[in-house]
Amino acid sequence: MAVNKEILKTTCPRDCYDACGIEVLRENGKIISVRGDKDHFVSRGKLCAKCQIFYNGVVLDEGVRLTQPLRRVGAKGEGRFEPVSWDTAMSEIAARFGHIVEANGPENILHAHYTGTCSLIANNFPMRFLSRLGAREVEPDTVCNMAGHVALGYMLGTSVHGFDPRTVKDSKCVLVWGANPSASAPHAHSHWLPEAPCSVIVVDPVRHATAEAADMHLQLFPGSDAALAFAMMHVLKRENLIDREFLAAHTIGWDELEPVLENCTPEWGAAETGVPAADIVQAAKLYGAGPALLWLGQGLQRQPMGGNIIRACATLPAICGNYAKPGAGLLYLNGGGQKGVDGDYLVAPHLSNSPDTLSQMDMAAYLESAENARAFLCWNINPVASSPEQTRLMNAMSRDDLFTVVLDIFATDTTDFADYVLPAASFLEFDDLVSGYFNMSFSAQAKVAEPMGEALPNQEIFRRLARAMGFTEPELQESDADIIDTIMKGVGTAGGFEALKASGTLFPNPEPQMQFAGYKFLTDSGKVEIASAAAEADGHPRLPQSSSDTRPGGGRLRLISPASEWLMNDSYANDPKVEKQLGAATVTINPRDAEAHGLAAGSRVRLSNGTGSLELDVVVSDRVAPGVAMSPKGRWPRRAGKERANVNTLNPGQKTDMGESSAVHGVEVEIAAI
Ligand SMILES: Nc1nc2c(c(=O)[nH]1)N[C@H]1C(S)=C(S)[C@@H](COP(=O)(O)OP(=O)(O)OC[C@H]3O[C@@H](n4cnc5c(=O)[nH]c(N)nc54)[C@H](O)[C@@H]3O)O[C@H]1N2
Ligand SMILES: Nc1nc2c(c(=O)[nH]1)N[C@H]1C(S)=C(S)[C@@H](COP(=O)(O)OP(=O)(O)OC[C@H]3O[C@@H](n4cnc5c(=O)[nH]c(N)nc54)[C@H](O)[C@@H]3O)O[C@H]1N2
Ligand code: SF4
Ligand SMILES: [Mo]
């Protein structure tokens, strides 16, 4: 028989800056290989190493995927289940939810979600049902990037209108601050930055591969970024590299800030941050040399004063007039709105009955009491691995009277605690849309396989649950095809979904966009608010502050747990080939700290603090600044042996100064040989 070979295009919908184009090779309808699309401007024929393994590994493995709805038969946490039909699962879950709504109110149903998949429908459509239900939402961004969103909201009126990466061709400098593209944006690391026709500076306590490849690396102590930004601004002012015309016309608060800069000399900055004064001067001059791009990562705002840090750093483009012209700007994230994606339509806020949201930093404590929550629904998230206060959360989720429903594509630490587990389809198994959050790209996620077993896309699971609950709003049943059609009309793409699938990706704006073109800032004043009355009204200082965090005393270290190059948050760790690449769980410390604590490379240590403790192998390297311990996030507690814990067992869930967000890179630990 002739072999029918086909190559189909789709898109990676992970929570990743890159939004790679994918090529799926099928023979006689069966997936043979998932690989990077040669024609795609980001992937250029190569996926990142982790996806190349995972998308050809356990994602395609029926023995590892969840393929049937499951009902608990063991104790909570044990992960023992029996299969049930979708009808049974839906009617039993609906009955229990209905009972809670009547007896206790819908706010007693707590739901948590995040970015397990970021495709537009699977990530957003479930909110229609949950809003209609009136369940209480755990604010998703509080585990990730809320401090930065709030801070940039004060200054710019938005945090999701970033620079267009294509504009780099006109830049003199790219300043990457508190991001690690070599792990979290692998193609920006391998193409975009190396091809940038300008200097690249990285500010990070860790000398990761992007820092190593940069023209300059400023290795500061965590939480001292505001001081570094102020010292750089001192130099920019001293060297006359500021744009006084822009400051006068388009900002508020320069007159208040200018006198503060007087004392923020490079020498002062060096003492505060650990970065040599000469490097501060050089970095400021490079940044001030012409139009420049500032990429604010998400790592730097996961510090106790993360909101202030973002405001301080984001003052740099304001004083240099780095907006509204080619090659200039600031990027945190690029939202779909800039491409015409109607976010409100996706989630249908008019259906909402929902009470106040909860910070994920409060989730473990909240779940301890039946007064707060009688049901817990998790979708697109694996909180037992990703949330703070891991042990406390596991204990709270062991409550027999907490009715727990978890949707996932795999059995995880979180599904172990569920009463019902619902199998989600993978991104290869349904049509959807992907809007890049770094590049201004818009792409098709195409169905290239049937859902595995009885798995269903998130949106279909919530359609069924809406029917089982007797909800009749048509928004809750809208089909994927209709939603895709409506979104694509908003984006203004010709040829519909079939044409988009054929090309894979398009740029709704073919030319590089200027950020805040025409100087239209989105604050109420229409200006960049260096001094912010809105921040002041919320109890924050009017101006960004130059202060840094106190360094930990008593031999304690500052624990940073950033993205791993081999994992995607808490995904992929169940793939044996990925696990092999990961090797043993480690913590990296500076040679100075190794000596002070009498630790040799390879020794087994225990990290501990008032929240928990964890055993790891020590790596000794000056890649991390003195005083810092680094251990990447994302391993699975259930694969970690008897400790059944990952780095989040040490995370107390401290909140940032703004947005009740996660200060996870500000955790302090003691280190001791075992
Ligand atoms: N220590 C420490 N902890 C951290 C962080 C840190 O820096 N340090 N970072 C935080 C950050 S930034 C984030 S964003 C969070 C992320 O934390 P999580 O959101 O928990 O992690 P993910 O791995 O993105 O996705 C969670 C789950 O979604 C599942 N999934 C994938 N596709 C689908 C689907 O189509 N449907 C459904 N229902 N499920 C699907 C995956 O299998 C996975 O189990 O972790 C936070 N935790
Ligand atoms: N491979 C991979 N890619 C990912 C993810 C993943 O888990 N794995 N997660 C995705 C998600 S959800 C997110 S939110 C993004 C996150 O991606 P990034 O924005 O890169 O965030 P992190 O990995 O948390 O941290 C980035 C850097 O911040 C540094 N950092 C920590 N504290 C400070 C500080 O006080 N000051 C400064 N200047 N730097 C500091 C860390 O050392 C680290 O190198 O990545 C996405 N992409
Ligand atoms: S996770 Fe990121 S780098 Fe890897 S394939 Fe997906 S979009 Fe590309
Ligand atoms: Mo995140």
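Residues numbered from 1 in each chain as written. Chains lettered and ligands numbered in written order. Predicted model: local features only at pLDDT ≥ 70, side-chain atom pairs only at ≥ 80, totals over all residues. Heavy atoms only, no water.

Quick look at the pairing of strand E7 (residues 136–139) now. Residue alternation in E7 divides its side chains into two sets, Arg136 and Val138 and Glu137 and Glu139, and both sets are buried. As judged from the two bridges shared by strand E6 (residues 109–113) and E7, these two strands associate in the parallel manner. The residue of E7 that forms the bridge with Leu110 is Arg136. Pairing geometry for E7 and strand E14 (residues 358–359), over two bridges, is parallel. Across the sheet, Glu139 pairs through a bridge with Ser359, a residue of E14. (Buried < 20%, exposed > 50% of the residue type's maximum accessible area, 1.4 Å probe, protein only. Helix = DSSP H or I, 4+ residues; strand = E, 2+ residues; numbered from the N terminus. Pairing = 2+ DSSP bridges.)

A few words on unusual backbone geometry. Positive phi outside glycine occurs at Asn380, with the angle close to 65°. Looking at the element boundaries, Asn380 is found in the loop between strand E15 (375–379) and helix H18 (383–386). Accessibility expressed as a relative area gives 12% for Asn380, which makes it buried. The backbone phi angle of Glu660 is positive, close to 50°, even though this residue is not glycine. With respect to the helices and strands, the residue Glu660 is situated in the loop between strand E26 (628–630) and strand E27 (667–673).

Turning next to the nonpolar core. Formed by 82 residues in total, the largest nonpolar core has its most connected members in Trp177, Trp192, Met232, Tyr287, Trp295 and Leu296. Of all the elements, helix H9 (residues 225–238) adds the most residues to this core, at nine residues. Excluding its chain neighbours within four sequence positions, the residues that come into contact with Trp177 are Val203, Asp225, Leu228, Ala229, Met232, Leu294, Trp295, Leu296, Gly297, Leu300, Cys313 and Leu316. Phe97, Met127, Phe403 and Phe471 belong to the second-largest nonpolar core, a separate cluster that totals 33 residues. (Core = buried A, V, L, I, M, F, W, Y, C linked by side-chain atoms within 4.5 Å. Contact = heavy atoms within 4.5 Å.)

Attention now goes to the packing of aromatic side chains. Under the defined criterion, the tally for this structure stands at 24 aromatic pairs. Relative to Tyr572, the ring of Phe54 lies with its centre 3.8 Å away and its plane at 20°, an arrangement referred to as stacked. Of this pair, Phe54 sits in helix H1 (residues 49–54) while Tyr572 sits in the loop between strand E22 (557–560) and helix H24 (576–582); the two residues are 518 residues apart in sequence, bridging distant segments of the chain. Residues Phe54 and Tyr572 agree in their burial class; the two are buried. With a centroid separation of 5.8 Å and 65° between ring planes, the pair formed by Phe403 and Tyr420 is classed as edge-to-face. Of this pair, Phe403 sits in strand E16 (residues 403–408) while Tyr420 sits in strand E17 (residues 420–423), and the two are 17 residues apart along the sequence. (Phe/Tyr/Trp six-rings, centres within 6.5 Å; stacked < 30°, edge-to-face > 60°.)

Right, let's talk about the pairing of E27 for a bit. By the bridge criterion, three bridges tie E22 to E27 in an arrangement that is antiparallel. Opposite Leu559, over in E27, you have Val667 as the bridge partner.

Partitioning the protein chain into structural domains gives domain 1 (70–143 + 347–438 + 449–476), domain 2 (163–331) and domain 3 (557–673). Summarising the inter-unit geometry, the C-alpha centres of domain 2 and domain 3 are found 27 Å apart. At the junction of the two partners, domain 2 supplies 22 residues and domain 3 supplies 23 residues. Between domain 2 and domain 3, roughly 1,700 Å² of surface is buried when both sides are summed, and carbon and sulfur atoms account for 55% of that area. Among the residues domain 2 hides against domain 3, the three largest losses belong to Arg207, Arg302 and Pro304. Together they make up 33% of the total. (Domains from an automatic or database assignment. Buried area = accessible area lost by both parts, 1.4 Å probe.)

Right, let's get into the site of ligand 1. Taken together, 29 residues surround ligand 1, and among them Asn382, Ser386, Asp408, Asn458 and Ser571 come closest. At 2.8 Å, a side-chain N or O of Ser386 approaches an oxygen atom of ligand 1. Within the side chain of Ser571, one N or O atom sits 2.6 Å away from an oxygen atom of ligand 1. Split by residue class, the shell around ligand 1 holds eleven nonpolar, 13 polar and five charged. The residues that make up the shell around ligand 1 include at least three from each of domain 1 (70–143 + 347–438 + 449–476) and domain 3 (557–673). (Near = heavy atom within 4 Å. Polar contact = N/O pair within 3.5 Å; in protein donor to acceptor, adjacent residues only side chain to side chain. Nonpolar A, V, L, I, M, F, W, Y, C, P; charged D, E, K, R; others polar.)

Another point: the site of ligand 2. With respect to spatial proximity, 35 residues lie near ligand 2, and among them Asp204, Asp225, Arg302, Leu567 and Asn569 are the closest. The backbone of Gly223 places a nitrogen or oxygen atom 2.8 Å from an oxygen atom of ligand 2. A distance of 2.6 Å separates an oxygen atom of ligand 2 from a polar atom in the backbone of Asn569. Protein contacts shield 99% of the accessible area of ligand 2, which totals 910 Å² for the unbound molecule. Taken together, the residues that form the shell around ligand 2 break down as 17 nonpolar, twelve polar and six charged. Summarising the domain contributions, the shell around ligand 2 has at least three residues from each of domain 2 (163–331) and domain 3 (557–673). (Areas by Shrake-Rupley, 256 points an atom, 1.4 Å probe, with all protein chains shown as cover.)

To continue, consider the sheet that holds strand E12 (residues 292–296). With parallel pairing, the five strands of this open sheet are ordered in space as E10-E9-E8-E12-E13. The sheet terminates laterally at strand E10 (216–218) and strand E13 (329–331), the two strands that pair on one side only. This sheet shows a mean twist of 15° between the axes of neighbouring strands, independent of strand direction. The pairing of strand E9 (residues 199–203) with E10 spans three bridges and is classified as parallel. Residue Ile201 lies in a different strand from E10, and its bridge partner there is Met216. (Axes fitted to C-alpha atoms, helices over the stretch in contact; angles between N-to-C directions.)

Another point: the sheet that holds E7. Judged by pairing direction, the sheet is mixed, and its eight strands sit side by side in the order E5-E4-E17-E16-E15-E6-E7-E14 without closing on themselves. Two strands bound the open sheet, and with one partner strand each, they are strand E5 (81–83) and E14. Two strands pair when backbone bridges link them, and E16 and E17 are joined in this way by four bridges, in the parallel orientation. Note on E17: the bridge partner recorded for Asp408 is Pro423. The strands that helix H2 (residues 86–104) touches are strand E4 (70–72), E6, E15, E16 and E17; relative to E17, the one it contacts most, it runs at about 130°.

Helix H20 (residues 458–468) packs onto helix H4 (residues 126–133) with a crossing angle of 30° between their chain directions and a minimal axis gap of 8 Å. On the basis of their axis angle, the class for H4 and H20 is roughly parallel. Between H4, through Pro126, Phe129 and Leu130, and H20, the contact on the second element is made entirely by Asn458, Phe462, Leu465 and Ala466. Looking at the contact of H4 with H20, its residues break down into six nonpolar, one polar and no charged. (Parallel < 35°, antiparallel > 145°, perpendicular 65-115°, else oblique.)

Before going further, it helps to spend a moment on the pattern of salt bridges. Applying the stated criterion across every chain, the model contains 48 salt bridges. Among the ionic pairs, Glu23 bridges to Lys38, the shortest N-O distance being 3.1 Å. With Glu23 in strand E2 (residues 21–27) and Lys38 in the loop between strand E3 (30–36) and H1, the pair connects residues that are 15 residues apart, well separated along the chain. Residue classification places Lys38 among the exposed positions, given a relative accessible area of 56%. Note that Glu536 and Arg542 form a salt bridge whose closest N and O atoms lie 3.8 Å from each other. Through salt bridges with shared partners, a single ionic network connects Arg604, Arg606, Glu615, Asp617 and Glu643. (Salt bridge = Lys/Arg side-chain N within 4 Å of Asp/Glu carboxyl O.)

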